[in-house]
Amino acid sequence: MREKYGPSLLRARHDKFHVTEEAATEIASFKSKPINFKIGYWDPRVNGVRYLKSLMHILAAGLSDENWKRLRSIRNRTVGEPITITFDGEPVCMDYLQSVLELDFIADNVELEDTRVLEIGAGYGRTCHTILSNHDVREYHIIDLPNSLTLSTRYLRSVLDDEQFAKVRFTSIGDVDEQYTATDFDLTINISSFSEMTVETVDDYLAMIDARSRYFYIRDAVGKYLDSSLNDNSDGYEVVKLALSTGKLRDVIDIHDNRAVEAHVGAFVEAYRPGPRWTCMANAWARPWGHYWQAVYGKDQIQRPVDKHFGLGSQIWP
């Protein structure tokens with residue numbers, strides 16, 4: 001006989017295996033245990049895609065009209081079968097949400113029309129795709145490792161039209177010194193790769209930027225972290241040790257503490273200044289990752305008012 005107000009078969013199963021009588025008596029750490037993953041929120045250990053899509057929904061809902069216009073201008077975003085949501089009828093993925101937010105920050109500080117752009121470490125080419133889809137740049141140069149160049153070449157050939165693709169120049173790291181002895185750039189971009197390089201390599205690139213570029217945009221982590229709950233060190237501790245040894249900013253911080261992150265912003269701004277003639281024109285949190293920051297530097301530029309808390313010319317997202 002049906003029990004009035006009784007549990008469904010699904011809920012009865014939850015009580016049998018998760019919301020057990022024993023578990024219900026332990027409150028010391030229950031909020032991060034299986035009992036709460038059935039009565040509070042989804043288990044983050046096995047619901048990564050669910051949370052990723054939820055984050056994408058939040059970011060898409062917060063895009064300005066200008067950034068929606070930018071996003072819709074980027075054709076062929078679904079090449080490569082990304083994890084997507086649909087928002088207002090538009091397929092949206094995390095990579096291009098980040099790209100339009102980055103472009104929004106860059107375009108607010110640097111004129112991009114008829115410019116020569118250099119990107120150091122382009123991944124598969126999302127930033128190049130985004131900028132060429134929204135601005136009529138003269139040339140877009142990419143420096144990268146050989147395998148990454150193969151990927152970005154194939155991807156950009158697939159998503160750009162012939163006129164856009166003709167503007168892209170691909171250079172392997174072994175050809176950098178020979179290729180760029182006299183080429184000047186209006187803007188150099190680095191996103192999330194300086195923190196994976198040796199200090200010496202970063203310094204070599206910064207010296208090249210100092211000599212050859214007018215503006216520099218960087219988006220990267222302000223420090224390192226040790227938190228096995230994020231991925232259970234699935235790649236092994238040797239990989240963790242390698243990650244801790246790279247980049248110019250190697251302080252281990254609590255990346256989930258905004259004050260700890262903000263305390264390292266000054267070091268971030270100074271570490272990536274290409275040279276003494278360069279001014280940080282603007283810097284800000286790089287949504288959505290809590291420990292990522294972004295900055296635009298200009299050579300021989302007028303300095304914006306100083307924000308004593310966050311550094312030179314700071315802009316903090318509302």
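Up top is the structure these notes are about.
Residues numbered from 1 in each chain as written. Predicted model: local features only at pLDDT ≥ 70, side-chain atom pairs only at ≥ 80, totals over all residues. Heavy atoms only, no water.

Caption draft 1: Looking closely at the overall build of the protein chain. Helix and strand content of the protein chain: 13 helices and 11 strands. If you line up the protein chain on its principal axes, its C-alpha atoms span 85 × 40 × 40 Å. A burial count over the protein chain gives 45% of its 318 residues as buried. Pairs at least 24 residues apart make up 68% of the contacts formed inside the protein chain by residues separated by at least 6 positions. For the protein chain, the computed accessible surface area is about 17,500 Å², with 51% contributed by carbon and sulfur atoms. (Helix = DSSP H or I, 4+ residues; strand = E, 2+ residues; numbered from the N terminus. Buried < 20%, exposed > 50% of the residue type's maximum accessible area, 1.4 Å probe, protein only. Contact = heavy atoms within 4.5 Å. Areas by Shrake-Rupley, 256 points an atom, 1.4 Å probe, with all protein chains shown as cover.)

Caption draft 2: Main features of the state of the cysteines. One pass over the structure, following the stated rule, counts zero disulfides. In this structure Cys128 is a free cysteine whose sulfur lies 16 Å from that of Cys93, the closest cysteine sulfur available. (Disulfide = S-S within 2.5 Å.)

Caption draft 3: Structural detail: the pattern of salt bridges. By the definition in use, this model includes 19 salt bridges. A salt bridge links Arg75 to Asp161; its shortest N-O distance comes to 3.5 Å. Note that Arg75 is positioned in the loop between α4 (65-72) and β1 (84-87) and Asp161 in the loop between α7 (146-159) and α8 (162-165), a separation of 86 residues in sequence. The class for Asp161 is partly exposed, based on a relative accessible area of 29%. A salt bridge links Lys167 to Asp136, with the shortest nitrogen-to-oxygen separation between them at 2.6 Å. Here the residue Lys167 occupies a position in the loop between α8 and β5 (168-172), and Asp136 occupies one in the loop between α6 (126-134) and β4 (139-144), the gap between them amounting to 31 residues. What you see here is one network of salt bridges that share partners, running through Arg72, Arg77 and Glu90. (Salt bridge = Lys/Arg side-chain N within 4 Å of Asp/Glu carboxyl O.)

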